[in-house]
Amino acid sequence: MKVIVDQDRCVASGQCVLAAAEVFDQRDEDGVVVLLDENPPAELARDLHHAEAVCPALAIVVED
Amino acid sequence: MTIDEAPAYPMARAAGCPFDPPPRLRELQAESPLVKVRVFGRPAWLVTRYADQRALLADARLSSDVTSPGYPSPTGAPPKSDGGVGIGFILMDDPEHARLRRMVTAPFMVKRVEAMRPAVQRIVDDLIDDLLAGPKPVDLMEAFALPVPSLVICRLLGVPYTDHDFFQQNSKQLIRLDVSPEQRATAHGNLAGYLDNLVGAKLADPGDDLLSGLTERIKAGELSRQDAAGMGVLLLLAGHETTANMIALGTLALLEHPEQFAVLRDTTDPAVVKGAVEELLRYLNITHNGRRRAVLADIEFEGQVLRAGDGVIFPNDIGNRDPAAFPDPDRLDLGRDARRHVAFGFGVHQCLGQPLARMELQVVYGTLYRRIPTLRRAAELAEIPFKHDGSVYGVHALPVTW
Ligand code: SF4
């Protein structure tokens, strides 16, 4: 799987971290999303699509 | 249809039905995705359905700036005089909104909030100890629901909790819809003055809290002292009224649904508690007067054109009760997956404090009923005063005993 994040759009709501802490983290200074794993394993598909759906800033794209 | 014939918004809830959105609103949702309504005599669009609400709230052609032409004022005041309550970045558009918001996001990060969980657990446990040792019946709002988030946000911001009577009185005025523009301006002025003094004190003697962090921005010339005080007002206000109402109204909803109450009373599983919090947020959606926006550029939508200068309202309460998004939406079901609700809004203005709110609610809902399993109402449902008049829904008081 491939995950793309757009740090410029991110509003640091942390929803992605709540959905998939293995893949997303937040930058210490301002909470902006940090991608920990660009090609996460397929088992995480459900969590990742959930992160994509709940990100209020539409800053996450997940490709299967 | 002329504007005088359009339904007025906000709408009234059905008598004796305190947890459900207004019935008329639900009829409108079933009839049409987009409805013309009347807000203080002026037309605005109502976006009735969940998927459409999410799509449009994420659309940058819609402005949150109260001074944008057509912005549907929640108080009837013209946009300019609403500016008096211009509480920080919530009523601004990007890039200024993002610039200011990013200055205060760090303390609300998921891991920073998790680090506060033990302290919040202590606050909740201590307040429950006090409840159990004190007289009954007791007003749960006053004795528990308000103090929890107030103590937490005061600690986070660096505001002395000893002043809580002062700011609770003033913030109450700010979220009421039935006060005059003058009363509103006075309350806002009081809070802004208070926060400005506090920022001044922290400029001289910074501590380890959010307001002290902002003084570094002031010293670096990135933020004016006035904007810092404005952000303080916003966070103080947003930090305690909303969560307090979720605690009290959520408790009442659970007391009216004993089998759901039992789910929380009988569990120590954090996953169950987390799920319950999301469902209560969805079901109650306490910000019941809709998110508001103004159209900046024409948008084609559902066979209509939202024109530049039109006002748009997103009643997230019925968005969260849309059967297309949540099957059997009027059922409070703590076991369902409700995480995609829009109780915190959607788009770049989605609630900044939600990780904190969620954590506080998880601690509260996961502790209160376990520790007081016989909790019950100490007044008839009909006697409980609901906040129909506020921009945040809830109860003014909740007498309980055990
Ligand atoms: S959910 Fe979206 S906006 Fe929130 S932190 Fe993650 S990427 Fe940023």
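Residues numbered from 1 in each chain as written. Chains lettered and ligands numbered in written order. Predicted model: local features only at pLDDT ≥ 70, side-chain atom pairs only at ≥ 80, totals over all residues. Heavy atoms only, no water.

Under an unreviewed UniProt entry, the name given to chain B is Cytochrome P450, and the organism recorded is Kribbella amoyensis.

As annotated in an unreviewed UniProt entry, chain A carries the name Ferredoxin and is attributed to Kribbella amoyensis. Check the Cofactor (unreviewed entry) section of the UniProt entry for chain A; it says "[3Fe-4S] cluster". (UniProt positions renumbered as here; feature names shortened; annotations may be inferred.)

Draft legend 1. Representation of the overall build of chain B in the model. Scanning chain B for helices and strands turns up 15 helices and 10 strands. Expected size for 402 residues packed as a compact globule is a radius of gyration near 21 Å; at 21 Å, chain B falls within 12% of this value. Its C-alpha atoms give chain B principal-axis dimensions of about 60 × 55 × 35 Å. Sorting the 402 residues of chain B into buried and exposed places 56% on the buried side. Considering only residue pairs separated by 6 or more positions, chain B has 71% of its internal contacts joining residues 24 or more positions apart. Accessible surface, chain B: about 16100 Å² in total, of which carbon and sulfur atoms supply 53%. Of the side chains in chain B, 44 bear a positive and 51 a negative charge, and the two mean positions are spaced by 3 Å. (Helix = DSSP H or I, 4+ residues; strand = E, 2+ residues; numbered from the N terminus. Rg over C-alpha atoms; globule rule 2.2 N^0.38 Å. Buried < 20%, exposed > 50% of the residue type's maximum accessible area, 1.4 Å probe, protein only. Contact = heavy atoms within 4.5 Å. Areas by Shrake-Rupley, 256 points an atom, 1.4 Å probe, with all protein chains shown as cover. Lys, Arg positive; Asp, Glu negative; His and termini not counted. Charge placed at Lys NZ, Arg CZ, Asp CG, Glu CD.)

Draft legend 2. Here's a closer look at the packing of aromatic side chains. Residue and element names in this part refer to chain B. Applying the stated criterion across every chain, the model contains seven aromatic pairs over all chains. With a centroid separation of 5.3 Å and 45 degrees between ring planes, the pair formed by Phe166 and Tyr194 is classed as tilted. Residue Phe166 is located in helix H8 (residues 164-175), and its partner Tyr194 is located in helix H9 (residues 181-204); the two are separated by 28 residues in the primary sequence. Take Phe166: its relative accessible area is 33%, and that puts it in the partly exposed class. (Phe/Tyr/Trp six-rings, centres within 6.5 Å; stacked < 30°, edge-to-face > 60°.)

Draft legend 3. Inspection of the nonpolar core at higher detail. Residues Phe144 and Tyr365 of chain B are the most contacted members of the largest nonpolar core, which totals 93 residues. For this core, the element with the most residues is helix H11 (residues 225-256) of chain B, which contributes 17 residues. Not counting residues up to four positions away in its chain, the partners in contact with Tyr365 of chain B are Met246, Ile247, Gly250, Leu254, Leu264, Val277 and Leu280 of chain B. Residues Cys10, Ala20, Val32 and Val62 of chain A belong to the second largest nonpolar core, which totals 20 residues. (Core = buried A, V, L, I, M, F, W, Y, C linked by side-chain atoms within 4.5 Å.)

Draft legend 4. Region of interest: the interface of chain B and chain A. Facing 20 residues of chain B, the contacting portion of chain A comprises 27 residues. With both sides pooled, the region where chain B packs onto chain A buries about 1900 Å², and carbon together with sulfur makes up 49% of that total. In this structure, the connection of chain B to chain A is made through two salt bridges. A salt bridge links Lys111 of chain B to Asp25 of chain A; its shortest N-O distance comes to 3.0 Å. Our enumeration of links across chain B and chain A arrives at 12 residue pairs in polar contact (both at pLDDT 80 or more). Those elements that provide at least two residues to the side of chain B that touches chain A are helix H4 (96-103), helix H5 (110-133) and helix H15 (354-371) of chain B. (Buried area = accessible area lost by both parts, 1.4 Å probe. Salt bridge = Lys/Arg side-chain N within 4 Å of Asp/Glu carboxyl O. Polar contact = N/O pair within 3.5 Å; in protein donor to acceptor, adjacent residues only side chain to side chain.)

Draft legend 5. Seen up close, the sheet that holds strand S4 (residues 138-139) of chain B. All names here are of chain B. Spatially, the three strands line up as an open sheet ordered S4-S10-S9, and their pairing is antiparallel. With partners counted over all chains shown, the strands left at the sheet margins are S4 and strand S9 (376-377), one partner each. Bridge count for S9 against strand S10 (residues 399-401) is two bridges, and the pairing is antiparallel. Within S10, the residue paired with Arg376 across the bridge is Thr401. (Pairing = 2+ DSSP bridges.)

Draft legend 6. Structural context of the site of the ligand. As a structural note, the neighbourhood of the ligand is formed by Cys10, Val11, Ala12, Ser13, Gly14, Gln15, Cys16, Val33, Cys55 and Ile60 of chain A. Each residue belonging to the shell around the ligand can be placed in one class, and the counts come to seven nonpolar, three polar and no charged. (Near = heavy atom within 4 Å. Nonpolar A, V, L, I, M, F, W, Y, C, P; charged D, E, K, R; others polar.)

Draft legend 7. Up close: the side chain of His257 of chain B. Residues and elements named next belong to chain B. Examined against the element boundaries, His257 turns out to sit in the loop between H11 and helix H12 (258-265). His257 gets classed as buried once you look at its relative accessible area, which sits at 18%. Leave out the neighbours within four places in its chain, and His257 touches Tyr283 and Leu332.

Draft legend 8. Layout of empty space enclosed by the protein. All names here are of chain A. All told, the structure shown has five cavities of 30 Å³ or more when counted by the stated rule. What lines the second largest cavity is a set of 15 residues, among which Cys10, Ser13, Gly14, Cys16 and Cys55 lie closest to the centre. Partitioned by chemical class, the residues of the lining of the second largest cavity number 10 nonpolar, five polar and no charged. (1 Å grid on protein atoms, 1.4 Å probe; cavity = no way out; pocket = protein on both sides within 12 Å on 5 of 7 lines; lining within 4 Å. Points joined across faces, edges and corners; volume = space filled by probe spheres on them.)

Draft legend 9. Structural context of the pairing of strand S2 (residues 42-47) of chain B. Residue and element names in this part refer to chain B. Taken together, the six bridges between strand S1 (residues 34-39) and S2 define a ladder with antiparallel strand orientation. Paired with Arg38 across the bridge in S2 is Pro43. For S2 and strand S8 (residues 311-314), the ladder comprises two bridges, and the chain directions are parallel. Bridged to Leu46 within S8 is Ile313.

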